[in-house]
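# Secondary and tertiary structure notes
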Amino acid sequence: MKPLWKRFYDWVDERVQLGGLVEFMGKKYVPIHRHSVWYYFGGVSLFLFLIQVVTGILLLLYYKAGEEYAFESIQFLMSKVQFGWLIRSIHSWTANLFILTAMVHMFSVFFEKSYRKPREITWITGMLMFFLALGFGFSGYLLPWNELAFFATKVGTDIAGVIPVVGKPIMIFLRGGPEVTGATLTRFFGFHVAVFPGIFTVLLGIHLVFVQRQGMSEPLHEPAEFEGKQKTMPFFPNFLLRDLLLWLIVLNLLAVLAVFFPWELGVKADPFASAPAGIKPEWYFLFMFQTLKYIPAKLLSMDGEVLGILLFAFAGLLWTLVPFWDRRSSRGEKSRFINYIGLFVVLYVIVLTIIGWST
Amino acid sequence: MTENGTGQYEKSRRDFLKYILGGSIIAWLAAVLYPVLAYLKPPKQGEVEVTSVKAGKVTTFAKDSGTIIRFGNKPVILVRTSGGELRAFSATCTHLDCTVQYRKDMGLIWCACHNGKYDLNGRNISGPPPRPLDVYRVVIQGEDVFISKSA
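Computed from a predicted model, the values in this text were never measured in an experiment.

## With respect to the packing of helix 3 (residues 40-60) of chain A against helix 11 (residues 235-260) of chain A
Any two packed helices are characterised by how steeply their axes cross, that is the angle between the axes, and by the distance between the axes. Residues and elements named next belong to chain A. Interhelical geometry of helix 3 versus helix 11 gives an angle of 55 degrees and a closest axis separation of 10 Å. Comparing their axes, helix 11 and helix 3 come out oblique. By crossing handedness, the relation of helix 3 to helix 11 is classed as right-handed. Taking contact as the criterion, the partners of Tyr40, Gly43, Val44 and Phe47 in helix 3 are, on helix 11, Asp243, Leu246, Trp247 and Val250. Among the residues making up the contact of helix 3 with helix 11, the classes are represented as six nonpolar, one polar and one charged.

Here's what the structure looks like:
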């Protein structure tokens, strides 16, 4: 008699023919080279996203959106619900680590030029997911309805409002009115738990299917070094097991962070209090925040703010479209120029984040 | 009719049908999208127009201090200078909408968000704010301080 799992497999196989899929997975190899370590960051980001889905659903069981309830419901969650503090702390820490690993993943792909033909769509979906991750961060930050979040949201949505022509309607749409109020909280809650996850899941699906179908990208200069004898490792099970081991380590790291550095709740938002001294956005917005501080109020008869925001928007667009203007990489040639741009962006972000952090 | 003529006749009939179909699809899309887009726009709330509020008794405001007063749904900062004079300004920073505060150590109105500074006439003197703070009128009737919109 066949074992139970085998009989179940046969039962499914007989109906939907799994053979092709299994064969495909069996033939999947991951190239081994000096830069293989970067392959792990996409997987770690995926794992952190899954943690966000699970802990997010758990938080939903107790969270109440609304000006009168939001802060109190989190207070209740953290003080009365068993392990409520842990779940919230993990959700907050994971959010930050997710943005960090997604950034590392993005920059490694950028420097390896893995976005080049034929992987343009994978890059674009990745970038869209990254922007969504920032949206997740921004919208989720408001949900506890504390003082810092209240002012962060006022500033963030006001920044959208300074964009010429379309800015004001966007700001009103985001805030659910001219001011940041309970209406804003309701909208952000909807974006955070329904709109963004829905879009994200579709993008993630496309991203992963493409990665599976096209296989891992190899650095431009590697094949020559091995004279056509590319070293590889089977994806199933070798690479997957390594992935899983790393995921386990990350989960442990998260537990340590969540336990020893629990996330603060702060003070409840009061629309009639001054912004507290030392207020700062989350670290991943710091470099933009710091840049805005340096731009003078008026520049070339434009509001400095408008100029700064348009510049960042333009830079983000160029970055997202890099597969289409970096022709050299698509032809398989080295392009140093791209490295310089990437290096400049990395240094700029790091330096301004540090300045923003320390002042 | 020649064959060519028939072809043209059919072509124009086909074009006509294409336009009808295309036009219907556009009209249908508009009929679906318009209510959705209109729904996204929050309705204007019928707010009671506040023109004047009572801030409190003169004695409650110490010299060299600032207090946030609720003016309808907007914050107003009431500053009492070290000379004892009362002045009121919109507390909403003209830069990016944060709420300002009085800084004793600087003798200025200061915004914590991006280090914007205003003097005690509400003028933007340092940092990113592009405009001065709106000035409100302060009226003292007996013991009580009233703040009203400047005409």
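## Description of the pairing of strand 3 (residues 74-80) of chain B
Residue and element names in this part refer to chain B. Taking burial as the measure, the seven residues of strand 3 include five buried ones, the bulk of the element. In this structure, strand 2 (residues 65-71) lies alongside strand 3, joined through seven bridges in antiparallel fashion. By the bridge assignment for strand 3, Phe71 is matched with Lys74. Between the end of strand 2 and the start of strand 3, which pair antiparallel, lie two residues, with Gly72 showing a positive phi angle near 65 degrees. Bridge count for strand 3 against strand 4 (residues 86-90) is five bridges, and the pairing is antiparallel. When the sheet's bridge partners are listed, Arg80 is paired in strand 4 with Leu86. In sequence, strand 3 turns back onto strand 4 through a hairpin of five residues, with Gly84 there showing a positive phi of about 100 degrees.

## What about the domain arrangement of chain B?
Here chain B is partitioned into domain 1 (1-41) and domain 2 (52-149). Centre-to-centre, using C-alpha coordinates, domain 1 of chain B lies 61 Å away from domain 2 of chain B.

## Focus on the sheet that holds strand 2 of chain B
All names here are of chain B. Strand order in the open sheet made by the six strands is 1-10-9-4-3-2, with antiparallel pairing throughout. Edge strands, defined here as strands with exactly one partner in the open sheet, are strand 1 (52-57) and strand 2. Looking at each pair of strands side by side, their axes are set apart by 30 degrees on average, direction ignored.

What counts and how
Residues numbered from 1 in each chain as written. Chains lettered and ligands numbered in written order. Predicted model: local features only at pLDDT ≥ 70, side-chain atom pairs only at ≥ 80, totals over all residues. Axes fitted to C-alpha atoms, helices over the stretch in contact; angles between N-to-C directions. Helix = DSSP H or I, 4+ residues; strand = E, 2+ residues; numbered from the N terminus. Parallel < 35°, antiparallel > 145°, perpendicular 65-115°, else oblique. Left-handed = near helix turned anticlockwise from the far one by under 90°. Contact = placed C-beta atoms within 7 Å. Nonpolar A, V, L, I, M, F, W, Y, C, P; charged D, E, K, R; others polar. Buried ≥ 20, exposed ≤ 12 C-beta atoms within 10 Å, placed from the backbone. Pairing = 2+ DSSP bridges. Domains from an automatic or database assignment.

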